[in-house]
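Observations on chain architecture
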Amino acid sequence: MNLGPHAAFIWWAYGVALAVVLGLIAWIALDYRVLRRQVGELEGERITRRSVQAPRQST
Amino acid sequence: MALIDLANPTRFLALAERLLPWLAGVTLLAFAVGLHLTYGAPDDYQQGATVKIMFIHVPSAWLGMFGWALMSVAALGTLVWRHPLADVAGKATAPIGASFTFICLVTGSLWGRPMWGTYWVWDARLTSVLVLFLMYLGVIALWRTVEDPSRAARAAAILTLVGAINLPIIKFSVDWWNTLHQPASVVRLGGPAVHASLLVPLLAMAVAFTLLFFTLHLAAMRNDILRRRVRTLMLLKAQIAPGSSA
(Lines give C-alpha, C1' and ligand atoms only; values in the text may rest on other atoms or scores of the structure.)
Protein backbone atom coordinates (compact mmCIF):
# COMPACT_ATOMS: atom_id res chain seq x y z
CA MET A 1 0.00 0.00 0.00
CA ASN A 2 1.52 3.30 -1.09
CA LEU A 3 0.50 6.05 1.33
CA GLY A 4 2.61 8.75 -0.26
CA PRO A 5 4.93 11.26 1.40
CA HIS A 6 2.78 11.61 4.53
CA ALA A 7 2.54 7.90 5.37
CA ALA A 8 4.00 8.39 8.86
CA PHE A 9 1.12 10.73 9.83
CA ILE A 10 -1.45 8.18 8.64
CA TRP A 11 0.22 5.29 10.49
CA TRP A 12 0.51 7.36 13.67
CA ALA A 13 -3.16 8.37 13.48
CA TYR A 14 -4.33 4.76 13.11
CA GLY A 15 -1.82 3.59 15.74
CA VAL A 16 -2.99 6.09 18.35
CA ALA A 17 -6.66 5.28 17.66
CA LEU A 18 -5.96 1.54 17.99
CA ALA A 19 -3.96 2.01 21.21
CA VAL A 20 -6.70 4.13 22.82
CA VAL A 21 -9.48 1.69 21.82
CA LEU A 22 -7.50 -1.36 22.99
CA GLY A 23 -6.66 0.43 26.25
CA LEU A 24 -10.34 1.20 26.81
CA ILE A 25 -11.37 -2.41 26.11
CA ALA A 26 -8.63 -3.77 28.43
CA TRP A 27 -9.59 -1.36 31.22
CA ILE A 28 -13.29 -2.30 31.03
CA ALA A 29 -12.50 -6.04 30.84
CA LEU A 30 -10.07 -5.94 33.80
CA ASP A 31 -12.49 -3.82 35.82
CA TYR A 32 -15.22 -6.42 35.17
CA ARG A 33 -13.00 -9.30 36.31
CA VAL A 34 -12.08 -7.50 39.56
CA LEU A 35 -15.71 -6.52 40.29
CA ARG A 36 -17.04 -9.98 39.49
CA ARG A 37 -14.51 -11.52 41.91
CA GLN A 38 -15.41 -9.00 44.65
CA VAL A 39 -19.14 -9.66 44.23
CA GLY A 40 -18.47 -13.41 44.32
CA GLU A 41 -16.43 -13.13 47.53
CA LEU A 42 -18.98 -10.93 49.29
CA GLU A 43 -21.95 -13.05 48.22
CA GLY A 44 -20.00 -16.12 49.35
CA GLU A 45 -19.98 -14.62 52.84
CA ARG A 46 -23.80 -14.63 52.63
CA ILE A 47 -24.11 -10.93 53.39
CA THR A 48 -27.66 -9.74 52.73
CA ARG A 49 -29.79 -6.83 53.86
CA ARG A 50 -31.60 -9.16 56.28
CA SER A 51 -28.36 -10.14 58.01
CA VAL A 52 -27.91 -6.59 59.36
CA GLN A 53 -31.48 -6.07 60.60
CA ALA A 54 -31.57 -5.73 64.37
CA PRO A 55 -33.31 -8.69 66.04
CA ARG A 56 -36.86 -7.84 67.15
CA GLN A 57 -37.57 -8.06 70.83
CA SER A 58 -40.44 -10.31 71.78
CA THR A 59 -42.85 -8.91 74.34
CA MET B 1 -40.36 -7.72 28.37
CA ALA B 2 -41.64 -4.16 28.62
CA LEU B 3 -39.16 -1.32 28.11
CA ILE B 4 -39.76 -0.07 31.64
CA ASP B 5 -38.51 -3.43 32.98
CA LEU B 6 -35.02 -2.54 31.75
CA ALA B 7 -34.95 0.29 34.28
CA ASN B 8 -34.46 -2.40 36.91
CA PRO B 9 -30.66 -2.76 37.37
CA THR B 10 -30.81 -6.55 37.93
CA ARG B 11 -32.83 -7.12 34.76
CA PHE B 12 -30.59 -4.71 32.87
CA LEU B 13 -27.55 -6.68 34.07
CA ALA B 14 -29.03 -9.95 32.80
CA LEU B 15 -29.88 -8.40 29.44
CA ALA B 16 -26.39 -6.84 29.13
CA GLU B 17 -24.77 -10.25 29.78
CA ARG B 18 -26.82 -11.76 26.94
CA LEU B 19 -26.38 -8.88 24.49
CA LEU B 20 -22.68 -8.13 24.90
CA PRO B 21 -21.20 -11.13 23.01
CA TRP B 22 -23.52 -10.45 20.06
CA LEU B 23 -22.78 -6.73 20.03
CA ALA B 24 -19.04 -7.41 20.19
CA GLY B 25 -19.32 -9.84 17.27
CA VAL B 26 -21.31 -7.41 15.12
CA THR B 27 -18.83 -4.64 15.98
CA LEU B 28 -15.88 -6.77 14.84
CA LEU B 29 -17.69 -7.59 11.61
CA ALA B 30 -18.49 -3.91 11.01
CA PHE B 31 -14.83 -2.98 11.54
CA ALA B 32 -13.73 -5.70 9.12
CA VAL B 33 -16.03 -4.24 6.45
CA GLY B 34 -15.12 -0.62 7.30
CA LEU B 35 -11.35 -1.24 7.23
CA HIS B 36 -11.66 -3.20 3.98
CA LEU B 37 -13.48 -0.26 2.36
CA THR B 38 -10.97 2.17 3.88
CA TYR B 39 -8.09 0.17 2.39
CA GLY B 40 -9.70 0.29 -1.06
CA ALA B 41 -10.72 3.96 -0.91
CA PRO B 42 -9.04 6.20 -3.51
CA ASP B 43 -6.73 9.08 -2.63
CA ASP B 44 -8.25 12.53 -2.52
CA TYR B 45 -7.32 14.72 -5.51
CA GLN B 46 -5.97 17.43 -3.18
CA GLN B 47 -5.08 15.67 0.07
CA GLY B 48 -3.67 12.45 -1.34
CA ALA B 49 -3.62 9.43 0.99
CA THR B 50 -3.92 11.58 4.14
CA VAL B 51 -7.68 11.52 3.51
CA LYS B 52 -7.58 8.04 5.11
CA ILE B 53 -7.22 9.82 8.47
CA MET B 54 -10.76 11.15 7.90
CA PHE B 55 -12.17 7.61 8.32
CA ILE B 56 -11.18 7.58 12.00
CA HIS B 57 -11.14 11.32 12.73
CA VAL B 58 -14.73 12.10 11.71
CA PRO B 59 -16.47 9.14 13.46
CA SER B 60 -14.46 9.91 16.63
CA ALA B 61 -15.56 13.54 16.47
CA TRP B 62 -19.21 12.54 16.03
CA LEU B 63 -19.03 10.09 18.93
CA GLY B 64 -17.23 12.55 21.18
CA MET B 65 -20.20 14.90 20.75
CA PHE B 66 -22.76 12.08 20.84
CA GLY B 67 -21.30 10.93 24.17
CA TRP B 68 -21.96 14.32 25.74
CA ALA B 69 -25.48 14.41 24.28
CA LEU B 70 -26.12 10.96 25.78
CA MET B 71 -24.78 12.16 29.14
CA SER B 72 -27.13 15.15 28.93
CA VAL B 73 -30.16 12.87 28.45
CA ALA B 74 -28.94 10.73 31.36
CA ALA B 75 -28.47 13.91 33.43
CA LEU B 76 -32.16 14.71 32.94
CA GLY B 77 -32.96 11.19 34.14
CA THR B 78 -30.84 11.81 37.22
CA LEU B 79 -32.23 15.24 38.07
CA VAL B 80 -35.89 14.77 37.08
CA TRP B 81 -36.60 11.09 37.86
CA ARG B 82 -33.63 10.42 40.18
CA HIS B 83 -33.22 7.02 38.62
CA PRO B 84 -29.99 5.16 39.54
CA LEU B 85 -29.74 3.64 36.05
CA ALA B 86 -29.56 7.17 34.61
CA ASP B 87 -26.64 7.86 37.00
CA VAL B 88 -24.97 4.67 35.79
CA ALA B 89 -25.52 5.56 32.11
CA GLY B 90 -24.02 9.03 32.59
CA LYS B 91 -21.02 7.81 34.54
CA ALA B 92 -20.28 4.99 32.09
CA THR B 93 -20.32 7.37 29.11
CA ALA B 94 -17.70 9.84 30.39
CA PRO B 95 -14.46 7.81 29.88
CA ILE B 96 -15.69 6.47 26.52
CA GLY B 97 -16.66 9.92 25.26
CA ALA B 98 -13.34 11.31 26.52
CA SER B 99 -11.43 8.58 24.65
CA PHE B 100 -13.19 9.27 21.35
CA THR B 101 -12.67 13.03 21.78
CA PHE B 102 -8.98 12.37 22.46
CA ILE B 103 -8.74 10.26 19.28
CA CYS B 104 -10.46 13.09 17.38
CA LEU B 105 -7.98 15.68 18.70
CA VAL B 106 -4.86 13.58 18.04
CA THR B 107 -5.89 12.36 14.57
CA GLY B 108 -7.00 15.88 13.64
CA SER B 109 -3.63 17.20 14.71
CA LEU B 110 -1.81 14.51 12.69
CA TRP B 111 -4.00 15.35 9.68
CA GLY B 112 -3.48 19.08 10.13
CA ARG B 113 0.34 18.99 10.06
CA PRO B 114 0.69 17.85 6.42
CA MET B 115 -2.43 19.72 5.20
CA TRP B 116 -2.28 23.03 7.12
CA GLY B 117 1.42 23.05 8.00
CA THR B 118 0.70 23.00 11.74
CA TYR B 119 -0.41 20.52 14.40
CA TRP B 120 -2.58 23.03 16.22
CA VAL B 121 -4.24 26.43 15.93
CA TRP B 122 -6.40 28.09 18.55
CA ASP B 123 -9.39 28.47 16.25
CA ALA B 124 -13.02 28.00 17.25
CA ARG B 125 -13.50 24.36 16.14
CA LEU B 126 -10.28 22.98 17.61
CA THR B 127 -10.57 24.97 20.83
CA SER B 128 -14.23 24.03 21.42
CA VAL B 129 -13.39 20.32 20.94
CA LEU B 130 -10.47 20.69 23.38
CA VAL B 131 -12.93 22.27 25.84
CA LEU B 132 -15.22 19.24 25.35
CA PHE B 133 -12.31 16.92 26.21
CA LEU B 134 -11.45 18.96 29.33
CA MET B 135 -15.11 18.91 30.42
CA TYR B 136 -15.12 15.11 30.09
CA LEU B 137 -12.07 15.01 32.37
CA GLY B 138 -13.89 17.32 34.79
CA VAL B 139 -16.92 15.02 34.96
CA ILE B 140 -14.68 11.96 35.49
CA ALA B 141 -12.82 13.81 38.26
CA LEU B 142 -16.12 14.80 39.88
CA TRP B 143 -17.34 11.19 39.92
CA ARG B 144 -14.06 10.10 41.52
CA THR B 145 -14.02 12.90 44.09
CA VAL B 146 -17.52 12.63 45.58
CA GLU B 147 -17.85 9.37 47.51
CA ASP B 148 -21.65 9.10 47.68
CA PRO B 149 -22.81 7.95 44.20
CA SER B 150 -26.17 9.78 44.27
CA ARG B 151 -24.57 13.10 45.30
CA ALA B 152 -21.84 12.64 42.68
CA ALA B 153 -24.52 11.89 40.08
CA ARG B 154 -26.42 15.11 40.81
CA ALA B 155 -23.26 17.24 40.69
CA ALA B 156 -22.11 15.56 37.47
CA ALA B 157 -25.58 15.97 35.94
CA ILE B 158 -25.57 19.73 36.56
CA LEU B 159 -22.06 20.07 35.09
CA THR B 160 -23.13 17.96 32.09
CA LEU B 161 -26.20 20.08 31.34
CA VAL B 162 -24.20 23.30 31.64
CA GLY B 163 -21.53 21.82 29.36
CA ALA B 164 -24.12 20.85 26.74
CA ILE B 165 -24.04 24.46 25.54
CA ASN B 166 -20.68 23.57 23.96
CA LEU B 167 -22.29 21.09 21.51
CA PRO B 168 -23.92 23.68 19.19
CA ILE B 169 -20.77 25.79 19.51
CA ILE B 170 -18.68 22.87 18.20
CA LYS B 171 -21.16 22.09 15.43
CA PHE B 172 -21.58 25.66 14.14
CA SER B 173 -18.11 27.02 14.99
CA VAL B 174 -17.03 26.56 11.37
CA ASP B 175 -19.99 28.68 10.22
CA TRP B 176 -19.89 31.38 12.90
CA TRP B 177 -16.15 32.10 12.81
CA ASN B 178 -13.31 32.04 10.31
CA THR B 179 -11.39 28.87 10.93
CA LEU B 180 -8.75 26.69 9.31
CA HIS B 181 -11.09 23.72 9.77
CA GLN B 182 -13.23 22.89 6.76
CA PRO B 183 -17.02 23.46 7.01
CA ALA B 184 -19.46 20.57 7.48
CA SER B 185 -19.27 18.26 4.47
CA VAL B 186 -21.42 15.26 5.47
CA VAL B 187 -24.24 16.40 7.79
CA ARG B 188 -25.35 19.62 6.07
CA LEU B 189 -28.24 21.14 4.17
CA GLY B 190 -28.06 20.14 0.52
CA GLY B 191 -26.59 16.71 1.23
CA PRO B 192 -23.01 15.47 1.62
CA ALA B 193 -20.26 17.24 -0.32
CA VAL B 194 -17.99 14.18 -0.16
CA HIS B 195 -17.70 11.94 -3.23
CA ALA B 196 -19.40 8.54 -2.87
CA SER B 197 -16.05 6.71 -3.19
CA LEU B 198 -14.97 8.32 0.10
CA LEU B 199 -18.41 8.73 1.69
CA VAL B 200 -19.23 5.00 1.70
CA PRO B 201 -16.08 3.96 3.64
CA LEU B 202 -16.60 6.90 5.97
CA LEU B 203 -20.17 5.84 6.78
CA ALA B 204 -19.09 2.20 7.16
CA MET B 205 -16.43 3.25 9.68
CA ALA B 206 -18.96 5.51 11.42
CA VAL B 207 -21.29 2.50 11.86
CA ALA B 208 -18.39 0.40 13.20
CA PHE B 209 -17.30 3.11 15.66
CA THR B 210 -20.90 3.63 16.80
CA LEU B 211 -21.33 -0.09 17.46
CA LEU B 212 -18.04 -0.04 19.39
CA PHE B 213 -19.31 2.90 21.43
CA PHE B 214 -22.53 1.06 22.36
CA THR B 215 -20.67 -2.18 23.15
CA LEU B 216 -18.24 -0.39 25.45
CA HIS B 217 -21.04 1.65 26.99
CA LEU B 218 -23.11 -1.43 27.80
CA ALA B 219 -20.04 -3.15 29.30
CA ALA B 220 -19.15 -0.05 31.34
CA MET B 221 -22.76 0.25 32.60
CA ARG B 222 -22.68 -3.42 33.64
CA ASN B 223 -19.42 -2.73 35.52
CA ASP B 224 -20.88 0.24 37.33
CA ILE B 225 -23.96 -1.70 38.44
CA LEU B 226 -21.59 -4.35 39.84
CA ARG B 227 -19.51 -1.60 41.52
CA ARG B 228 -22.65 -0.33 43.26
CA ARG B 229 -23.47 -3.87 44.36
CA VAL B 230 -19.95 -4.27 45.80
CA ARG B 231 -20.31 -0.94 47.64
CA THR B 232 -23.66 -1.95 49.14
CA LEU B 233 -22.34 -5.36 50.22
CA MET B 234 -19.22 -3.77 51.74
CA LEU B 235 -21.37 -1.33 53.73
CA LEU B 236 -23.56 -4.20 54.95
CA LYS B 237 -20.45 -6.18 55.87
CA ALA B 238 -19.13 -3.24 57.86
CA GLN B 239 -22.44 -3.05 59.74
CA ILE B 240 -22.45 -6.70 60.78
CA ALA B 241 -18.73 -6.79 61.64
CA PRO B 242 -17.97 -7.46 65.34
CA GLY B 243 -17.78 -4.20 67.27
CA SER B 244 -20.03 -2.26 64.88
CA SER B 245 -23.05 -0.49 66.36
CA ALA B 246 -25.58 -2.18 64.03
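As the structure is a computational prediction, the values presented were derived from the model and not from experiment. (Residues numbered from 1 in each chain as written. Chains lettered and ligands numbered in written order. Predicted model: local features only at pLDDT ≥ 70, side-chain atom pairs only at ≥ 80, totals over all residues.)

**Considering the overall build of chain A**
The secondary structure content of chain A amounts to 1 helix and 0 strands. Put simply, chain A has 59 residues, and 12% of those count as buried. (Helix = DSSP H or I, 4+ residues; strand = E, 2+ residues; numbered from the N terminus. Buried ≥ 20, exposed ≤ 12 C-beta atoms within 10 Å, placed from the backbone.)

**Thoughts on the packing of helix α4 (residues 124–145) of chain B against helix α6 (residues 166–176) of chain B**
Residues and elements named next belong to chain B. Between α4 and α6, the least distance of the axes is 8 Å, while the angle of their chain directions is 170 degrees. Between α4 and α6, the crossing angle belongs to the class labelled roughly antiparallel. Seen from above, α4 lies across α6 with left-handed handedness. On α6, the residues that touch Ala124, Arg125, Ser128, Val129, Val131, Leu132 and Met135 of α4 are Asn166, Ile169, Ile170, Ser173, Val174 and Trp176. In terms of residue class, the contact of α4 with α6 is made up of 9 nonpolar, 3 polar and 1 charged. (Axes fitted to C-alpha atoms, helices over the stretch in contact; angles between N-to-C directions. Parallel < 35°, antiparallel > 145°, perpendicular 65-115°, else oblique. Left-handed = near helix turned anticlockwise from the far one by under 90°. Contact = placed C-beta atoms within 7 Å. Nonpolar A, V, L, I, M, F, W, Y, C, P; charged D, E, K, R; others polar.)

**Describing the interface of chain A and chain B**
In this complex, chain A contributes 26 residues to the contact, which on the side of chain B involves 32 residues. Grouping the constituent residues of the side of chain A that touches chain B by class yields 18 nonpolar, 4 polar and 4 charged.

**Some remarks on unusual backbone geometry**
Positive phi is not limited to glycine here, since Arg82 of chain B has a value of about 50 degrees. With respect to the helices and strands, Arg82 of chain B occurs in the loop between α2 (54–81) and α3 (84–116).

**Some thoughts on the confidence of the model for chain B**
Of all residues in chain B, 95% have pLDDT values of 70 or greater, and the mean over the chain is 90. Interface confidence in the predicted complex, given as ipTM, is 0.88; pTM for the same model is 0.89. (pLDDT = per-residue confidence, 0-100.)

**A few points about helix α5 (residues 149–163) of chain B**
Since the α-helix turns once every 3.6 residues, residues separated by three or four places project in the same direction. Residues and elements named next belong to chain B. Helix length check: α5 (15 residues) gives 20 Å between terminal C-alpha atoms against 21 Å at 1.5 Å per residue, within 8%. Buried within α5 we find Ala153, Ala156, Ala157, Thr160 and Gly163. The arc enclosing the buried residues of α5, seen along the axis, measures out at 130 degrees, which places them on a common side. Opposite the buried face of α5, at more than 90 degrees from it, the exposed residues are Arg151 and Val162. Looking at the packing, one finds that the buried side of α5 touches α2, α3, α4 and α6. (Expected span 1.5 Å × (residues − 1). Arc of directions from axis to C-beta.)

**Quick word on the nonpolar core**
In terms of nonpolar packing, the biggest core is built from 61 residues, with Ala13 of chain A together with Ile53, Ile56, Met205, Leu216, Ala220 and Met221 of chain B touching the most fellow members. Among the elements of the structure, α1 (7–44) of chain A together with α2, α3, α4, α5 and α7 (196–240) of chain B are those that each provide at least two residues to this core. The biggest single contributor to this core is α7 of chain B, with 15 residues. Other than its neighbours up to four places away in sequence, Ile56 of chain B contacts Ala13, Tyr14 and Ala17 of chain A together with Ile103, Thr107 and Met205 of chain B. (Core = buried A, V, L, I, M, F, W, Y, C linked by C-beta atoms within 7 Å.)

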